[in-house]
Amino acid sequence: MVFCSCPEDILKNTVVDKSVIIVGAGLGGLATALRLSHKGYRVTIIEKQGNSGGRLNVLKKDGFTFDIGPSFFSMSYEFKELFESIGEPMPFEINELDPLYSVHMSGNSRVFKIYKDLGKLADEFRGIEDDFEVKVRKYLKGAKEIFHDTEYKIIKRNFNGIVDYAMSMANVPLKHLPSLFRTFWKELELHFDSEEVKIIFSLVAFFLGATPFNTPSVYKLLNYTELEHDGYWNVKGGMYKIVDGIVGLLEKKGVEILYNTEILSVHQEMGRMTSVTDQNSRKYEADLFVVNADAAWFRGKFLNRKKYTVEKLDKMDWTLAPFTIYLGVKGLIPGIQHHNYFLGDNFHDYADTIFSSNLAPEKPYYYVNVATKSNQDAAPEGCENLFILCPVPDLRVKPDWSDAEKLSQDIIEDLGKRVKFDIQNNILCKVVYTPIDWKNMFHLYRGSGLGLAHGLSQIGGLRPSNKDEKLHNVYYVGASSHPGTGLPIVVIGSKLVTERILNEHQTV
Ligand SMILES: Cc1cc2nc3c(=O)[nH]c(=O)nc-3n(C[C@H](O)[C@H](O)[C@H](O)COP(=O)(O)OP(=O)(O)OC[C@H]3O[C@@H](n4cnc5c(N)ncnc54)[C@H](O)[C@@H]3O)c2cc1C
């Protein structure tokens, strides 16, 4: 099994005494700080915002507590591994989602509950897809093989350049080759007949920064991770408990976090970074630097790398931007579950235009999380806490958000009709973040919510590396670096970058 270029016992046994500055207190920065401080590194985190978490953040208003970004995650065992690796119990409690989510399709009175139990899932598609259970088991068998045949060869290992990556790719069994050339949608067509099943199973493609019509079918592995492998999980008391828990452990380990401190320039000498400087011209020196800000943007903005100029960044593929609404609503809404997708009746048109239209979507597709369905503390008694996420084009395509209020009204009106509840007249509090807000809060490039997309040209050894190309003491962790975006993947990234650092700087 190939895992990384350094043996596991380096992680277990080495104790190193060096100073590290981590730029950014997102999940990647926090998890890396945990691992490195456990090894004896003296870690300081520098964060531009007034609290930790980055996109995994919280908003409190009028008695409501909203998770602003992530609301669930897959591969929960990656969090378990993180805390086991530092000899601590997990400082928060996780719950498996059952059902995983519900899907409301416009013009279809049936609400599809998506269960991990394939027998129960077959009941949901009864009368829509004949022999669903037989077909889905066959489909997931192939998806499972791709997941396990690439997990340690592509995702959970470091790459030392393109040749190393190409060699690792060459070790992936040849039988998966057709999956590189077939689109996700084509693969679904080979297995299923109904539009409903194909649409629902293909939603994961949008998280990758693509549509099912232009992304390769290898990504059906995500259907395996959600439907069979480990499902989806959330956190008791809200997702921000992850951050609270990690920050508590970091305090115990003596890690200092400097808030409201933005790095505006960096200094290099003889092939190494010597210091970073904040908005008050304060300089911070360290032996090593880990950048948790966007790995592509940072290289262009602060290191003037030709590969990452604004022109080059704009030509890369980025995931969609978030348009998010946080609503405190009086009354309990019966027609809605905890995790819900609301889709229109024009899926193919939607997929064709969502990445390229400079207009707010006329028939928005959106996700609604009702935190109060599992956590009553998220709202005052008798009220619901709604987080609505509508993926929209990033700021390259739609820079003007003067129509934000109209889009939020359209979504609230549509949602009210579909769940048969007068949301509009029961709003107690409302906050809207446009892609401009997301960009400004966390330096998300052009407001892209999940960072660089995961097309074949931007993964593995082709994604911005977690090791700087020129500065031997600079590393990266987070969504736009290897292995990629999403909470568990970023946690894997923290393990990979720690392994690299221990491997390359193990002198005590
Ligand atoms: C709306 C939304 C919903 C999502 N939903 C999910 C979900 O349900 N499940 C899931 O798994 N993932 C989800 N994601 C993705 C997930 O949030 C990200 O993949 C993950 O949080 C990225 O973590 P990161 O370590 O890259 O850090 P980030 O969260 O990007 O943090 C980087 C930090 O660096 C700081 N920073 C940047 N520049 C500087 C500077 N110059 N000086 C100092 N500090 C700086 C930023 O302020 C930020 O705090 C969602 C994302 C969004 C936006």
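See the structure printed just above.
Cut-offs used in this document
- Residues numbered from 1 in each chain as written.
- Predicted model: local features only at pLDDT ≥ 70, side-chain atom pairs only at ≥ 80, totals over all residues.
- Heavy atoms only, no water.
- Helix = DSSP H or I, 4+ residues; strand = E, 2+ residues; numbered from the N terminus.
- Buried < 20%, exposed > 50% of the residue type's maximum accessible area, 1.4 Å probe, protein only.
- Contact = heavy atoms within 4.5 Å.
- Lys, Arg positive; Asp, Glu negative; His and termini not counted.
- Charge placed at Lys NZ, Arg CZ, Asp CG, Glu CD.
- Pairing = 2+ DSSP bridges.
- Axes fitted to C-alpha atoms, helices over the stretch in contact; angles between N-to-C directions.
- Near = heavy atom within 4 Å.
- Polar contact = N/O pair within 3.5 Å; in protein donor to acceptor, adjacent residues only side chain to side chain.
- Patch = residues over 30% accessible without salt bridge, like charges linked within 9 Å, V, L, I, M, F, W, Y side chains within 5 Å.
- Areas by Shrake-Rupley, 256 points an atom, 1.4 Å probe, with all protein chains shown as cover.
- Salt bridge = Lys/Arg side-chain N within 4 Å of Asp/Glu carboxyl O.
- Arc of directions from axis to C-beta.
- 1 Å grid on protein atoms, 1.4 Å probe; cavity = no way out; pocket = protein on both sides within 12 Å on 5 of 7 lines; lining within 4 Å.
- Points joined across faces, edges and corners; volume = space filled by probe spheres on them.
- Nonpolar A, V, L, I, M, F, W, Y, C, P; charged D, E, K, R; others polar.
- Parallel < 35°, antiparallel > 145°, perpendicular 65-115°, else oblique.
- Core = buried A, V, L, I, M, F, W, Y, C linked by side-chain atoms within 4.5 Å.
- Phe/Tyr/Trp six-rings, centres within 6.5 Å; stacked < 30°, edge-to-face > 60°.

A. The arrangement of the overall build of the protein in detail. A count of helices and strands for the protein gives 18 helices and 19 strands. In terms of principal-axis extent, the alpha carbons of the protein reach across some 65 × 55 × 45 Å. The buried share of the protein, reckoned over its 508 residues, is 59%. Contacts in the protein between residues at least 24 apart in sequence constitute 72% of all its contacts with a sequence separation of at least 6. Side chains of the protein give 59 positive and 64 negative charges; the mean places of these two sets differ by 4 Å.

B. Just the sheet that holds strand E18 (residues 427-433), in detail. Strand order in this open sheet of 7 strands is E7-E6-E15-E16-E17-E14-E18, and the pairing throughout is mixed. Strand pairing shows two members of the sheet lacking a second neighbour, strand E7 (111-114) and E18, which therefore form its edges. Averaged over neighbouring strand pairs, the angle between their axes works out to 20 degrees when direction is ignored. Here strand E14 (residues 321-330) runs beside E18; their pairing, made up of 6 bridges, is antiparallel. Opposite Thr324, over in E18, you have Tyr433 as the bridge partner.

C. Molecular detail of the site of the ligand. Contacts to the ligand come from 37 residues, most closely from Gly28, Glu47, Arg55, Phe72 and Ala479. In the model, an oxygen atom of the ligand is placed 2.8 Å from a nitrogen or oxygen of the Ala479 main chain. Residue Thr485 places a side-chain N or O atom 2.9 Å away from an oxygen atom belonging to the ligand. Secondary-structure elements contributing two or more residues to the shell around the ligand are helix H2 (27-38), helix H17 (435-442) and helix H18 (487-504).

D. The sheet that holds strand E11 (residues 272-278), seen in detail. Read across the sheet, 3 strands follow the order E10-E11-E12 without closing on themselves; strand pairing throughout is antiparallel. Looking along the sheet, the strands with just one partner apiece sit at the ends: strand E10 (263-269) and strand E12 (283-285). Across this sheet, the average inter-strand angle for adjacent strands is 25 degrees, counted without regard to direction. Sitting on the sheet, helix H13 (residues 295-303) touches E10 and E11, and the angle it makes with E10 is about 70 degrees.

E. Representation of a nonpolar patch on the surface in the model. The grouping of Leu174, Leu177 and Phe181 at the surface amounts to a nonpolar patch, some 390 Å² of accessible area in total. In this structure, Leu177 sits in helix H7 (residues 177-181).

F. Spotlight on helix H6 (residues 162-170). Those residues of H6 that sit buried are Asp164, Tyr165 and Ser168. Buried residues of H6, seen end-on, are gathered within an arc of 100 degrees and therefore sit on one face of the element. Seen from the open side of H6, the exposed residues pointing more than 90 degrees away from its buried face are Val163, Met167 and Ala170. Against helix H5 (132-155) lie the buried residues of H6.

G. View of empty space enclosed by the protein. Taken as a whole, this structure holds 3 cavities of 30 Å³ or more when the rule is applied. Residue classes in the lining of the largest cavity are distributed as 3 nonpolar, 9 polar and 2 charged.

H. Representation of the pattern of salt bridges in the model. Scanning the model with the defined rule gives 32 salt bridges in all. Where Glu129 meets Lys135, a salt bridge forms, and the shortest distance between an N and an O atom there is 2.6 Å. Using a relative accessible area of 4% as the deciding quantity, one classes Glu129 as buried. For Lys135, a relative accessible area of 19% gives the class buried. Here Arg182 and Glu187 are joined by a salt bridge, their closest N and O atoms 2.7 Å apart. The exposure class of Arg182 is partly exposed, given its relative accessible area of 27%. When its relative accessible area of 2% is taken as the criterion, Glu187 is described as buried.

I. Structural detail: a positive patch on the surface. There is a patch of like positive charges on the surface, built from Lys306, Lys312, Lys315 and Lys470. Mapped onto the elements of the fold, Lys315 is located in helix H14 (residues 310-315).

J. Spotlight on the packing of H2 against helix H3 (residues 77-85). In the contact formed by H2 and H3, the axes pass within 9 Å of each other and the chain directions differ by 30 degrees. As the angle between them shows, H2 and H3 are arranged roughly parallel. Between H2, through Leu27, Ala31, Leu34, Arg35 and His38, and H3, the contact on the second element is made entirely by Phe79, Glu81, Leu82, Phe83 and Ser85. Broken down by class, the residue content of the contact of H2 with H3 amounts to 6 nonpolar, 2 polar and 2 charged.

K. Expanded view of the nonpolar core. Formed by 73 residues in total, the largest nonpolar core has its most connected members in Val103, Ile114, Leu121, Phe132, Ile200, Phe201 and Tyr326. It is H5 that provides the largest number of residues to this core, a total of 9 residues. With residues up to four places along the chain from it excluded, the contact list for Ile200 reads Tyr101, Val103, Met105, Phe112, Ile114 and Phe125.

L. Examining the pairing of E11 more closely. Most of E11 sits inside the fold, with 6 of its 7 residues counted as buried. Across 6 bridges, the pairing between E10 and E11 is antiparallel. When the bridges of E11 are listed, Ser265 appears paired with Thr277. Here E10 folds back onto E11, and the loop between the two strands holds 2 residues, one of which, Met270, carries a positive phi near 45 degrees. Taken together, E11 and the strand that follows it, E12, pair antiparallel across an intervening segment of 4 residues, in which Ser281 is found at a positive phi of about 65 degrees.

M. Here's a closer look at the side chain of Ser52. Within the secondary structure, Ser52 sits in the loop between strand E2 (42-46) and strand E3 (58-61). Filtering out sequence-adjacent residues up to four positions away, Ser52 remains in contact with Ala25, Leu30, Asn57, Tyr240, Val243, Val247, Ile257 and Tyr259.

N. A look at the packing of aromatic side chains. In total, this model carries 37 aromatic pairs according to the counting rule given. Note on Trp297 and Phe302: the rings are 5.6 Å apart at their centroids and 85 degrees apart in plane angle, and the pair reads as edge-to-face. Taken together, a centroid distance of 6.1 Å and an interplanar angle of 50 degrees make the contact between Trp438 and Phe442 tilted. Taken together, the residues Trp438 and Phe442, both in helix H17 and 4 residues apart, mark about one turn of the helix.

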